[in-house]
Each structure stands twice: as C-alpha cells, then as structure tokens.
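Here is how the chains run, residue by residue.
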Amino acid sequence: RMAAAPPSYCFVAFPPCSKDGLVVFGKNSARPRDEVQEVVYFAAAEHEPGSKVECTYIEIEQVPRTHAVVLSRPSWLWGAEMGANEHGVCVANEAVVTREPASESEALLGMDLVRLGLERGATAKEALDVIVALLEEHGQGGNYYEDGSSCHTFQSAFLIVDRNEAWILETSGKYWAAEKITEGVKCICNQLSLTTKIDAEHPELRNYVKSQGWWNGDSDFNFSEVFSLADDHLACCSGRESLEKQGGDVSAQAMIDVLRDKDSGVCVDSESFLTTASIVSVLPQDPSFPCIHYFTGTPDPSRSIFKPFIFVDDVKLVPKVQSPSFGNDDPAKKIPRFQEKPDRRHELYKAHEWARSLLENDQDKGQKLMRIMLDLEKQGLEAMEDILSRTEILDPAEVVDLFYDCVDTELKFFK
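Now for a description of the structure that goes with this document. The residue numbering used here restarts from 1 in each chain and proceeds along that chain's sequence as written. In keeping with the predicted nature of the model, local features appear solely for residues at pLDDT of at least 70, side-chain atom pairs appear and are counted solely at 80 or more, and the whole-chain, interface and lining totals rest on all residues. To obtain the side-chain values, all non-hydrogen atoms of the structure were used and water was disregarded.

## Quick word on the sheet that holds strand β3 (residues 37-42)
Adjacent strands of a sheet pair through backbone hydrogen bonds, lying either parallel or antiparallel.
Link 1 in the chain: Any two strands with at least two DSSP bridges between them are considered paired. Numbered from the N terminus, helices here are DSSP runs of H or I no shorter than four residues, and strands are runs of E no shorter than two. Here eight strands make up an open sheet; going across it, the order is β3-β8-β9-β10-β11-β12-β13-β15 and the pairing antiparallel. The sheet is open, and its two borders are formed by β3 and β15 (200-201), each paired with just one other strand.
Link 2 in the chain: Contact definition: two residues touch when any of their heavy atoms are within 4.5 Å. Between N-to-C directions, angles cover 0 to 180 degrees, with each direction set by a line fitted to C-alpha atoms, over the stretch in contact for helices. Across the sheet, helix α2 (residues 124-138) lies against β11 (155-161), β12 (166-172) and β13 (175-181), angled at about 10° from β12, the strand it touches most.

Here it is as structure tokens:
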C-alpha cells in the first residue's frame with residue numbers, strides 16, 4: 001500500500017453562501033511535522049527571450065512576463081503549497097494517491113505547478129491552462145519531502161480560484177480532468193473528488209483509461225471511480241458542513257474558524273503530519289476592491305495569527321518570515337539530495353516555537369498570550385473589513401507595509 005498523502009484541506013465559498021459579494025478561499029497545508037514554511041513575495045518581472053527558470057528539480061523555459069506572487073512554501077523547494085497573484089488568482093494543491101503510481105524521476109512537483117500557474121495566469125482558467133500544458137510537456141514527479149532516506153511521490157489535485165469562478169483540477173501523470181465552480185461551498189482534500197461533472201479534460205483521457213481496462217466506455221465516466229484505489233474517493237471532506245452551516249455568512253473569520261478546528265480533522269496535528277501553514281483569501285467580486293490574503297507563516301492555525309497582505313507596487317518585503325538561503329550549498333540542490341537537513345527556521349518561526357511551548361506548558365500565561373494574539377488578529381480583520389466597506393479607492397501607501405507591520409507586531413508580543 002502506498003504511503004498516505006498528507007491530509008491537507010482546501011475550501012472555497014461563493015456568494016450567496018459567502019458574505020457581501022466576496023469569494024472566500026482557504027487552505028491548511030499538512031506537511032511533515034518539522035518542515036518550515038516561509039511566506040515569500042516575488043515582484044512582477046520581464047524575462048529575456050530564451051531564458052530558463054530553475055524549478056525544484058528541473059529547468060524549464062521562462063515566459064516573457066511573470067505576475068507578482070505571494071507564496072506560502074516549504075522553504076527547501078522552489079514552488080509553493082498555496083499562494084496568490086496580483087490579479088486575484090489563488091492556487092492551492094493537494095497531494096493525492098491514484099491507481100497509477102506517481103513517478104520518482106525528477107520532473108515538476110505539484111508545488112512547482114502552483115507557483116507556475118500563479119506567475120503565468122491572470123485568471124483561474126488561464127492558470128489551469130498553464131498547469132495542464134506544463135504537465136503535458138514536462139510531467140510530474142520527484143520527492144515531495146526533504147528526505148534523503150526515501151522518495152515520497154504523489155499525484156496532484158489543485159483548487160484554482162479567482163474573483164468569478166473556481167476550478168478543481170485533478171491529475172494522474174499527465175492526464176487530468178477539471179470541474180468549474182461558480183456557486184456554493186467546495187472542499188478538496190487528499191483524495192480525488194471529481195465524479196461525472198467534468199467541464200474540461202485531457203483530450204486523450206478516455207482513450208487512455210479504456211486502453212488500461214479501467215473503464216469500458218459504456219457506463220458514465222466517473223473520474224474518481226476510474227482513478228482511485230478501491231473506495232478511497234467515498235469519504236467526504238470534513239469542514240464543508242461547518243461552512244455550509246454559516247448560511248450566507250462565510251467570511252474570512254468563518255474560514256479561519258474552520259481551519260482552526262482540530263475536532264473535525266481539518267486542522268491536522270498527528271504523529272506524522274502537522275498543519276505547517278495556512279492561508280485565507282478574500283476576493284471581492286467587484287474588481288474596484290482589493291483582494292486580501294491572510295497568511296500565518298507558522299504551524300498550527302489554532303495557535304497562529306492570520307496576517308493580511310494586499311498587492312501594491314513596492315510592497316515592503318518581510319525577511320522575518322523568510323528562511324535563510326543556502327544558495328548552491330543547499331542539500332536540496334546537491335545530488336544525491338537531502339544528505340543533511342539545514343536549520344531552515346525563520347525569525348517568526350523561532351519566536352512562535354517559544355509561544356507554542358508556553359501555550360503547552362503554562363496554562364495561565366499561555367491563555368493570556370493567546371488572548372493577546374487573537375486580539376491582534378481581530379484588529380487586522382476589522383481594518384480589512386473597513387477597507388472593503390469604503391467607497392473611496394484604497395491608497396496604496398496605506399498598505400505598502402501592512403504585512404510587514406503585522407509580522408513585526410506579532411514578534412514584539414513574543415519577545
């Protein structure tokens with residue numbers, strides 16, 4: 001039996017389930033417990049014709065222009081678990097296991113495809129087209145974890161969202177299918193979820209599964225049934241129910257509450273896996289309002305603060321949530337890979353470790369600290385609600401150091 005995929009959860013809610021004409025997106029990234037995630041911003045850039053981009057394991061052709069992106073990523077790799085671009089596109093991925101073994105040979109990781117989709121797609125559909133074209137050209141494969149002792153490989157599923165629609169994209173090798181979503185609440189987790197409603201697919205998908213003997217061509221084509229191992233696809237995602245219970249009131253706060261819920265299993269804290277970072281994005285359907293992206297940059301959302309980021313020109317960089325860079329000496333870049341594990345903790349991660357140990361070991365001080373943290377978060381959420389309820393256009397100068405200041409304030413509390 002193949003190793004279980006890490007149990008991450010991604011959500012999207014559309015009006016009328018969500019508040020005030022907002023599309024709300026969220027993801028908990030479940031990864032190996034000791035892995036550090038950093039939050040990094042890359043400005044939009046022009047690239048020389050013929051230039052290449054070095055992804056986690058392979059080099060591919062660069063495009064003439066890449067969009068500005070903000071990413072939450074395991075700090076040893078090039079891609080991202082989740083993130084957003086300046087055009088209000090959000091992408092998150094899930095590792096999934098299908099009946100087709102994932103390739104160990106180094107190609108694009110699902111996480112590289114998250115970043116490539118964001119850098120190259122100005123809408124959700126464009127990002128999807130980018131991802132499937134790159135899959136066709138380069139394939140997916142290689143170790144998902146920073147682990148020199150064994151190779152952990154998975155196929156990929158993606159939730160791709162913009163202000164108007166979302167796409168669920170599920171893949172196995174280079175084959176894929178996708179469903180378009182424009183209403184209601186959707187959750188994807190570490191299992192295939194597409195059934196018979198397929199709005200786009202690999203042109204050879206049905207011929208391929210027929211040739212494998214996985215589908216006879218007579219019954220309805222059900223993607224999960226055809227590609228899942230045994231009854232894997234039957235379990236529904238927990239967390240969706242709690243969002244649906246909100247009625248028409250899914251807000252950033254409601255999404256944060258769902259991501260913090262350990263009882264439902266959405267907030268993972270198990271022997272092998274931990275929610276190492278989380279994101280919530282609010283995308284107003286009215287394009288005159290800015291999209292707001294909240295990142296924790298630290299493990300366990302129930303003990304972390306969601307801090308807002310808004311794309312503006314010259315946004316202030318935040319080195320305190322960036323892991324140290326080891327350049328070409330990085331064991332992730334040398335062959336054989338991962339022969340040692342450097343200390344990748346960033347400043348916020350280290351401060352947060354202290355806070356977590358206080359929460360675990362000193363109830364009174366811990367609860368007091370948690371109250372202060374949540375109060376800080378609430379101030380940020382209220383300030384963002386204020387921005388989204390104004391009639392006048394946002395002055396970029398007002399938010400250029402928004403994320404920087406939030407991280408700084410959090411660090412001061414921990415000190």
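The rest of the description comes next.
## Overview of the sheet that holds strand β2 (residues 22-32)
Link 1 in the chain: Ordered by their spatial adjacency, six strands build an open sheet running β14-β1-β2-β16-β17-β18, and the pairing between neighbours is antiparallel. If you trace the sheet from one side to the other, it starts and ends with β14 (185-188) and β18 (307-309), each paired once. For this sheet, the mean inter-axis angle between neighbouring strands, taken without regard to orientation, is 15°.
Link 2 in the chain: Pairing between β2 and strand β16 (residues 273-284): eleven bridges, direction antiparallel. By the bridge assignment for β16, Val24 is matched with Val282.
Link 3 in the chain: Packing of helix α8 (residues 363-389) onto the sheet brings it into contact with β2, β16, β17 (292-295) and β18, and relative to β17 it is tilted by some 170°.

## Some remarks on unusual backbone geometry
Link 1 in the chain: Going from Pro15 to Pro16, the amide bond is cis rather than trans, its omega being 5°.
Link 2 in the chain: Mapped onto the elements, Pro16 comes out in the loop between β1 (9-13) and β2.
Link 3 in the chain: Ile335 connects to Pro336 through a cis peptide bond whose omega is -10°.
Link 4 in the chain: Despite not being glycine, Asp20 has its phi angle at roughly 50°, a positive value.
Link 5 in the chain: Following the sequence through the fold, Asp20 ends up in the loop between β1 and β2.
Link 6 in the chain: Even without being glycine, Asp314 reaches a positive phi, approximately 55°.
Link 7 in the chain: Tracing the sequence through the fold places Asp314 in the loop between β18 and α7 (347-361).

## Considerations on the nonpolar core
Link 1 in the chain: Counting residues in each nonpolar core, the largest one holds 90 residues, and the members touching the most others are Phe11, Leu159, Val161, Phe223, Val280 and Tyr294.
Link 2 in the chain: Sequence-distant contacts of Leu159, defined by excluding residues within four places in its chain, comprise Cys10, Phe11, Val12, Phe25, Cys90, Val91, Ala92, Ala166, Trp167, Ile168 and Ile188. Nonpolar cores are built from buried Ala, Val, Leu, Ile, Met, Phe, Trp, Tyr and Cys residues. Side-chain atoms within 4.5 Å join them into one set. Only protein chains enter the accessibility calculation, which uses a 1.4 Å probe; a residue is then buried when its area is under 20% of its type maximum, exposed when over 50%, and partly exposed in between.

## Here's the deal with the packing of aromatic side chains
Link 1 in the chain: Each aromatic pair joins two rings of Phe, Tyr and Trp (for Trp, the six-membered one) with centres within 6.5 Å, and gets the label stacked for planes under 30 degrees apart, edge-to-face for over 60, and tilted for any other angle. For the coordinates displayed, the defined rule picks out 14 aromatic pairs.
Link 2 in the chain: Taken together, a centroid distance of 5.9 Å and an interplanar angle of 40° make the contact between Tyr41 and Phe309 tilted. Of this pair, Tyr41 sits in strand β3 while Phe309 sits in strand β18, and the two are 268 residues apart along the sequence. In terms of burial, Tyr41 and Phe309 fall into one category: buried.

## Description of α7
Link 1 in the chain: Helix span is expected to be 1.5 Å times the residue number reduced by one. An ideal rise of 1.5 Å per residue puts 21 Å on 15 residues; α7 measures up with 22 Å between its terminal C-alpha atoms.
Link 2 in the chain: All of the buried residues along α7 are Leu348, Tyr349, Ala351, His352, Ala355, Arg356, Leu358 and Leu359.
Link 3 in the chain: In this structure, the buried residues of α7 make contact with β16, β18, α8 and α10 (402-414).

## Looking at the pattern of salt bridges
Link 1 in the chain: Only one rule defines a salt bridge in this text: a Lys or Arg side-chain nitrogen within 4 Å of an Asp or Glu carboxyl oxygen. Applying the stated criterion across every chain yields a total of 30 salt bridges.
Link 2 in the chain: Here Arg390 and Glu398 are joined by a salt bridge, their closest N and O atoms 2.9 Å apart.
Link 3 in the chain: Given a relative accessible area of 18%, Arg390 falls into the buried group.
Link 4 in the chain: Glu398 sits in the partly exposed class, given a relative accessible area of 40%.
Link 5 in the chain: The network of salt bridges with common partners includes Arg33, Lys262, Asp269 and Asp300.

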